[in-house]
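Listed below, chain by chain, are the residues.
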Amino acid sequence: MTREYINPPGVFKHVHYTRVLTVEKPSKLIYVAGQTPADDKYQPVHPGELRAQYIAVLEGLTLQLEAAGATWDNVVFRRMYAVDVPAFVKVMNDLTVPLPWDKSRPSPSTLIGVTALSNPGFLIEVEIVAVVES
């Protein structure tokens, strides 16, 4: 499976994501539903703490990737939903937040501001798509 990370000239090269990522087959697609900062009873973990909730979400996604036979190196797209976009951008720019992916090859991503998530205590939700060789 071949991947090409592309940040074309004339388009701002963002530090947090790659503009274009191509994948050539043979491959298997893995779609991971939105992960919220929830415990096993679907209650918020780390209420009011966006940084801690983001880390919990990344940990949950890591478990799901492993269950599908993938790692963060296989992620080809991230979609993030935040109740407070400016606060989340600060968290994303916090160099002490442990990111599970290679910072030199971040997947393409989209950040969407929302008015609410499925539980009022959730401040962030992230869904991902991964590709592994089949």
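Okay, so let's go over this structure. What you see as residue numbers is a count from 1 along each chain, following the sequence as written. Residue-level local features of this predicted model are given only where pLDDT is at least 70; pairs of side-chain atoms are given and counted only at 80 or more, and the full residue set underlies all totals for whole chains, interfaces and linings. Water and hydrogen atoms were dropped before computing side-chain values, which therefore reflect all heavy atoms in the structure.

Observations concerning the environment of Glu24
Phase 1: Secondary structure elements follow DSSP: runs of H or I no shorter than four residues count as helices, runs of E no shorter than two count as strands, and numbering proceeds from the N terminus. Here Glu24 lies in strand S2 (residues 20-24).
Phase 2: Separated by 21 residues in the primary sequence, Glu24 and Arg3 place their C-alpha atoms 6.6 Å from one another.

Some words on the side chain of Arg78
Phase 1: Within the secondary structure layout, Arg78 lies in strand S4 (residues 75-82).
Phase 2: For the buried Arg78, which has no salt bridge, the nearest side chain bearing the opposite charge is Asp102, at an N-O separation of 11 Å.
Phase 3: One polar contact links Arg78 to Ser107, side chain to side chain, over a distance of 2.9 Å.
Phase 4: Every residue pair with non-hydrogen atoms within 4.5 Å of one another is taken to be in contact. Those residues in contact with Arg78 that sit more than four places away from it in its chain are His16, Tyr17, Trp72, Trp101, Pro106, Ser107, Pro108, Ser109, Thr110, Glu127 and Ile128. Whether a residue is buried, partly exposed or exposed follows from its accessible area with a 1.4 Å probe, protein chains only, as a fraction of its type maximum: under 20%, in between, or over 50%, in that order. In this tally, Asp and Glu contribute negative charge and Lys and Arg positive charge; neither His nor the terminal groups of the chain are included. The salt bridge definition used is simple: a Lys or Arg side-chain nitrogen within 4 Å of an Asp or Glu carboxyl oxygen. Pairs of N or O atoms within 3.5 Å make up the polar contacts considered here, provided that, within protein, one atom can donate a hydrogen while the other can accept it, and that residues adjacent in sequence are counted only when both atoms are side-chain atoms.

So, the nonpolar core
When a protein is soluble and globular, its nonpolar side chains tend to lie buried together.
Phase 1: Grouping buried Ala, Val, Leu, Ile, Met, Phe, Trp, Tyr and Cys residues that are joined through side-chain atoms within 4.5 Å yields what is termed a nonpolar core. Counting 24 residues, the largest nonpolar core has Tyr54, Trp72, Phe88, Ile124, Val126 and Ile128 as its most contacted members.
Phase 2: Elements with a contribution of two residues or more to this core: strand S3 (27-35), helix H1 (50-67), S4, helix H2 (85-92) and strand S6 (124-133).
Phase 3: The greatest single-element share of this core, amounting to 7 residues, is contributed by H1.

Observations regarding the sheet that holds strand S5 (residues 109-113)
Strand pairing within a sheet occurs via backbone hydrogen bonds; the two strands may be parallel or antiparallel.
Phase 1: Pairing between strands requires that DSSP locate at least two bridges from one strand to the other. Reading across the sheet, the 4 strands line up as S3-S6-S4-S5 and stay open at both edges, with mixed pairing between neighbours. The open sheet has two edge strands, S3 and S5, and neither has a second partner. Across this sheet, the average inter-strand angle for adjacent strands is 10°, counted without regard to direction.
Phase 2: Sheet topology note: the S4/S5 ladder contains 5 bridges and is parallel. Each bridged residue has a counterpart across the sheet, and for Met80 the counterpart in S5 is Leu111. Lines fitted to C-alpha atoms define the axes here, with helix axes fitted over just the stretch in contact, and angles between the N-to-C directions of these axes take values from 0 to 180 degrees.

Let's talk about the packing of aromatic side chains
Phase 1: For Phe, Tyr and Trp, rings pair up if their centres lie within 6.5 Å, where Trp contributes its six-membered ring, and each pair is then called stacked (planes under 30 degrees apart), edge-to-face (over 60) or tilted (otherwise). Following the criterion strictly, the structure yields 3 aromatic pairs and no others.
Phase 2: Relative to Phe122, the ring of Tyr42 lies with its centre 5.2 Å away and its plane at 85°, an arrangement referred to as edge-to-face. Here the residue Tyr42 occupies a position in the loop between S3 and H1, and Phe122 occupies one in the loop between S5 and S6, the gap between them amounting to 80 residues.
Phase 3: Of the residues examined, Tyr42 reaches a relative accessible area of 41% and is grouped as partly exposed.
Phase 4: Looking at Phe122, the relative accessible area reads 1%, which means it is buried.
Phase 5: Relative to Phe88, the ring of Tyr54 lies with its centre 4.9 Å away and its plane at 90°, an arrangement referred to as edge-to-face. Pair noted here: Tyr54 is in helix H1 and Phe88 is in helix H2, with a separation of 34 residues, a long-range link. The pair Tyr54 / Phe88 is uniform in exposure class, with both members buried.

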